[in-house]
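# Tertiary structure, described
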Amino acid sequence: MSVQPDSKISNSTFLLTGFPGLEREYPWLSIPFSCIYAMVLLGNCLVLHVIRTEPSLHEPMFYFLAMLALTDLCMGLSTVRTVLGILWGFSREVSLDACIAQTYFIHGLSLTESGVLLAMAFDRFTAICNPLRYTSILTNMRIITIGVAILGRSFLFITAPIVRLKFFDYCHPHILSHSFCLHQDLLRLACSDIRFNSFYALALVICTLFLDSVLILISYISILHSVLTIASRDERLKSLKTCVSHICAVLVFYIPIIGLTMVHRFGKHLSPVVHVLMGNIYILFPPLMNPIIYSVKTQQIQGSLICLFHTDQLQVVRKIMHSDFSYSQAFSFPVSHLIFYFPQFLLISL
């Protein structure tokens, strides 16, 4: 059943769009999407848990990684209800207030992730180009200040255009083009004067996402220049390897944004499914891939995960072998741990 305008939909209610033309396949599509969301939530929670409990990871680089994981976790939580709600056959309707709130968090978290990636680039720049002053520059208080500044820049600057969405008249059919709410999607349905929102959004993108990407590029040009001055080939490779995870995270974040922008700008003739798919990749790909990237490419994270996995598995064996461990406990214990440890095993084995 395709999405059609519904005369019963009130002026303050909108219809979300799943995958047009694939409505009969929603039960099957819900399986991979549910698995992806489970991996997003469990993977990022696992990274946060390891960083919090492992004293050797209490360093600036991993504090920024914790910020990235928390941002990705919140991004997953902000869209899971509407995306899976459509695929599981629940209501496609969303109120204007709920849509505006979701828009606020999606765009705010996207700007937050861009800011965190810039902070991580500064961390790598300081560690490689100015290693003797690394700890004195990136103190705990300065890291907290950077985090607060990123949040302030991300959520305060988008408040004005998001609040204005509440007072627009939406005279076009209340059908959104994604399974979640976006600022440009609501503007498309508005009949009010949207020039302020359009120009403000463009200026905000230039001053945040574009500027962040330029500064990240400049930082890596400086890092490369500094690395090339190192005489030892092994030391050069060692320095560059510390940047691989961050470079992958930057690509994972910016490539879907560029792809979604190109599809919206030049893909008017493409199937609506392509637009919806690119929107979901933009939302889900970075939160899904970042825990995997840092678990595979960062030796400290990988080692901590392996130690955590093997230590807890040893505790399971000891409890099962304990004399007062009942049969019912022995039967239920491994199943619950299998559910908890499967994402850990998957991240370690990749």
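Below is a short write-up of the structure. Keep in mind that this is a model prediction, so the values were computed, not measured. (Residues numbered from 1 in each chain as written. Predicted model: local features only at pLDDT ≥ 70, side-chain atom pairs only at ≥ 80, totals over all residues. Heavy atoms only, no water.)

## Regarding the packing of helix α1 (residues 26–53) against helix α2 (residues 60–87)
Contact geometry for α1 and α2: axes closest at 9 Å, N-to-C directions at 155°. Judged by the angle between their axes, α1 and α2 are roughly antiparallel. For the pair α1 and α2, the crossing hand works out as left-handed. In terms of residue class, the contact of α1 with α2 is made up of 23 nonpolar, five polar and one charged. (Axes fitted to C-alpha atoms, helices over the stretch in contact; angles between N-to-C directions. Helix = DSSP H or I, 4+ residues; strand = E, 2+ residues; numbered from the N terminus. Parallel < 35°, antiparallel > 145°, perpendicular 65-115°, else oblique. Left-handed = near helix turned anticlockwise from the far one by under 90°. Nonpolar A, V, L, I, M, F, W, Y, C, P; charged D, E, K, R; others polar.)

## Re helix α10 (residues 272–297)
Its 26 residues place the ends of α10 36 Å apart at the C-alpha level, agreeing with the 38 Å of an ideal helix rising 1.5 Å per residue. Considering bend angle alone, the principal kink of α10 is centred on Leu284 and spans about 40°; proline Pro286 follows within four residues of it. (Expected span 1.5 Å × (residues − 1). Bend = angle between axes of the 7 residues up to and from the residue.)

## Points about the pattern of salt bridges
Taken as a whole, this structure holds five salt bridges when the rule is applied. Two residues, Arg153 and Asp212, come together in a salt bridge whose shortest N-O distance is 2.8 Å. Here Arg153, found in helix α5 (residues 140–156), pairs with Asp212, found in helix α8 (residues 195–228); they are 59 residues apart in sequence, far enough to count as distant. You'll find Arg153 and Asp212 in the same group, each marked buried. Among the salt bridges present, the one from Asp193 reaches Arg195, with a minimum N-O distance of 2.9 Å. Look at Arg195 and you get exposed, because its relative accessible area is 54%. (Salt bridge = Lys/Arg side-chain N within 4 Å of Asp/Glu carboxyl O. Buried < 20%, exposed > 50% of the residue type's maximum accessible area, 1.4 Å probe, protein only.)

## Notes on the environment of Leu240
By the secondary structure assignment, Leu240 is in helix α9 (residues 233–266). Through-space distance from the C-alpha of Leu240 to that of Ile128 is 8.9 Å; in sequence the pair is 112 residues apart.

## Some details on the layout of surface pockets
Any empty space left between atoms is shown by rolling a water-sized probe over those atoms. A volume near 1,500 Å³ is recorded for the largest pocket. If you go around the largest pocket, you meet 43 residues; those closest to its centre are His107, Gln184, Leu260, Thr261 and His264. When residues of the lining of the largest pocket are traced back to their parent elements, those giving at least two are α3 (96–129), α6 (159–164), α7 (183–189), α8, α9 and α10. Of all the elements, α8 adds the most residues to the lining of the largest pocket, at nine residues. Here the lining of the largest pocket is composed, by residue class, of 25 nonpolar, 13 polar and five charged. Space inside the second largest pocket adds up to approximately 470 Å³. Met61, Lys241, Thr242, Thr298 and Gln300 are the residues nearest the centre of the second largest pocket, which is lined by 18 residues in total. Put simply, the parts of the chain that give the lining of the second largest pocket at least two residues each are α3, α9, α10 and α11 (299–321). Looking at the lining of the second largest pocket, the element that brings in the most residues is α9, giving six residues. Tallied by class, the residues present in the lining of the second largest pocket amount to six nonpolar, six polar and six charged. (1 Å grid on protein atoms, 1.4 Å probe; cavity = no way out; pocket = protein on both sides within 12 Å on 5 of 7 lines; lining within 4 Å. Points joined across faces, edges and corners; volume = space filled by probe spheres on them.)

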